[in-house]
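As a plain string of letters, each chain reads:
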Amino acid sequence: MYKLLLVTDNENVRNAFNQIDNWGQLMFRPVTILSDAEEALRYLNSHVVDAIGYAFVSQDPSPIQQYITDHPSLPVFQTHQRGQALLDELNRIREFLDQMHREDADSYDEMFVFQMLRDELMAQLLKGQINSEEELVARIKLVRANVSLTMQCYLFDFDLPQGEVYLNDRWHYGAERLQYALRNNFFGKYIDDVYYDVAVLSPRHIRLFAGPAFNTDLTDEEIKQKVMQRVETVLEDIKDYLDLDLDLESTTVLNSMKDLINKNA
């Protein structure tokens, strides 16, 4: 069973977690709740936890935030004051930890597994499969994605005029491997404080997301310049190395990545 640590001086949050009486059925040990950040740091130095959540009313959260920053493979969960929202979050945590600890995950280090789960989340977001802000925020925290949820970002949609012919007769590795190659070998992940991700939606449709890192000091205009320059350069590289033409059909400026949530589901 999984072990959670909640650090909070918020009585409403504490009470919501204390009202859970079926931890075992949810596949967790009873949650450990501490009210003091320094006490929590001492606890973390002598105990292993599978995920951590925190919510402070009067205390400085920076010691806990620094610990989380120093431990990039520690999942962070949302704290809630409502019963159903909390149960939904606990189910998300369990599903995430199940993925983290599945049998084939033993072949990879934790950071690689985290990256796979980040890629999975972004692919679902770009395909319109994330249906609520609550789900997006929770999963972004769990996978420790360093991408801003509030700043302006960009969505590019490309047409592949010879997509089916290219995938079947020239590429031979399938759409998933092409997506992996574009993401990891061409656009990259974190480049100059910008996060990039790619989804191959169909043989004729590729979608690219570009958004600022969570802790960036860049302005919206600086981000725009970096993104546009990189997209232009990478398209040339794709043509040179893969002999693949990507025709830009549209560029969409998003108020934030939350604009990608499928609100009609």
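It should be noted that the structure appears before, not after, this text.
Residues numbered from 1 in each chain as written. Predicted model: local features only at pLDDT ≥ 70, side-chain atom pairs only at ≥ 80, totals over all residues. Heavy atoms only, no water.

Asker: I would appreciate a short explanation of the overall build of the chain in the present structure.
Answerer: Helix and strand content of the chain: 9 helices and 8 strands. Viewed in the frame of its principal axes, the chain has a C-alpha envelope of about 60 × 40 × 35 Å. Expressed as a percentage of its 265 residues, the buried residues of the chain come to 49%. When contacts within the chain are restricted to residue pairs at least 6 apart in sequence, those whose partners lie at least 24 apart make up 72%. Surface accessibility of the chain: about 13,500 Å² in total, with carbon and sulfur atoms responsible for 43%. Within the chain, one finds 25 positive and 44 negative side-chain charges whose respective centroids are separated by 2 Å. (Helix = DSSP H or I, 4+ residues; strand = E, 2+ residues; numbered from the N terminus. Buried < 20%, exposed > 50% of the residue type's maximum accessible area, 1.4 Å probe, protein only. Contact = heavy atoms within 4.5 Å. Areas by Shrake-Rupley, 256 points an atom, 1.4 Å probe, with all protein chains shown as cover. Lys, Arg positive; Asp, Glu negative; His and termini not counted. Charge placed at Lys NZ, Arg CZ, Asp CG, Glu CD.)

Asker: How should I be thinking about unusual backbone geometry in this particular structure?
Answerer: A negative phi angle characterises most non-glycine residues, just as the trans form characterises most peptide bonds. For R144, which is not glycine, the phi dihedral falls at a positive 55°. Looking at the element boundaries, R144 is found in the loop between α6 (133–142) and β4 (153–159). The exposure class of R144 is buried, given its relative accessible area of 19%.

Asker: Just to check I follow, could you spell out the sheet that holds β4 for this structure?
Answerer: Remark on secondary structure: sheet strands pair via backbone hydrogen bonds, oriented parallel or antiparallel. As summarised here, the arrangement of the 5 strands in space is β5-β6-β7-β4-β8, forming an open sheet in which the pairing is antiparallel. If you trace the sheet from one side to the other, it starts and ends with β5 (190–191) and β8 (247–254), each paired once. The pairing of β4 with strand β7 (residues 205–212) spans 6 bridges and is antiparallel. The partner of F158 across the bridge, within β7, is I206. (Pairing = 2+ DSSP bridges.)

Asker: Honestly, the side chain of R139 in this entry has me stumped. Any pointers?
Answerer: Structurally, the position occupied by R139 is in helix α6. In this view, R139 contacts R92, E120, L121, Q124 and I130; residues no more than four positions away in its chain are not counted.

Asker: For this particular structure, what's the right way to read the packing of helix α8 (residues 174–187) against helix α9 (residues 220–242)?
Answerer: Two packed helices can be described by the angle between their axes and the distance between those axes. Across the interface, α8 lies against α9 with an axial gap of 10 Å and an inter-helix angle of 120°. As the angle between them shows, α8 and α9 are arranged oblique. For the pair α8 and α9, the crossing hand works out as right-handed. Of the residues in α9, those in contact with L178, L182, F186 and F187 of α8 are R230, V231, V234, D237, I238, Y241 and L242. The residue makeup of the contact of α8 with α9, split by class, is 9 nonpolar, no polar and 2 charged. (Axes fitted to C-alpha atoms, helices over the stretch in contact; angles between N-to-C directions. Parallel < 35°, antiparallel > 145°, perpendicular 65-115°, else oblique. Left-handed = near helix turned anticlockwise from the far one by under 90°. Nonpolar A, V, L, I, M, F, W, Y, C, P; charged D, E, K, R; others polar.)

Asker: How should the layout of surface pockets be read in this particular structure?
Answerer: Over the atoms rolls a probe the size of a water molecule, and in doing so it shows where empty space is left. Approximately 710 Å³ is the volume attributed to the largest pocket. If you go around the largest pocket, you meet 19 residues; those closest to its centre are I68, K141, R144, A145 and F214. Elements that contribute at least two residues to the lining of the largest pocket include exactly α3 (62–70), α5 (110–126) and α6. Element by element, the count of residues in the lining of the largest pocket is highest for α3, at 3 residues. Of the residues in the lining of the largest pocket, the class split is 10 nonpolar, 6 polar and 3 charged. Here the second largest pocket is characterised by a volume of approximately 340 Å³. Considering the residues around the second largest pocket, the lining is formed by F112, Q115, M116, D119, E120, A123, E176, Q179, Y180, R183 and N184. Of the residues assigned to the lining of the second largest pocket, the class counts are 4 nonpolar, 3 polar and 4 charged. (1 Å grid on protein atoms, 1.4 Å probe; cavity = no way out; pocket = protein on both sides within 12 Å on 5 of 7 lines; lining within 4 Å. Points joined across faces, edges and corners; volume = space filled by probe spheres on them.)

Asker: Would you mind showing me how to read the environment of S35 here?
Answerer: Locating S35 in the fold gives a position in the loop between β2 (32–34) and α2 (37–46). A sequence separation of 24 residues divides S35 from E11, and the C-alpha atoms of the two residues are 9.5 Å apart. Once you skip the residues sitting within four places of it in the chain, S35 turns out to touch T8, D9, R14, F56 and Q59.

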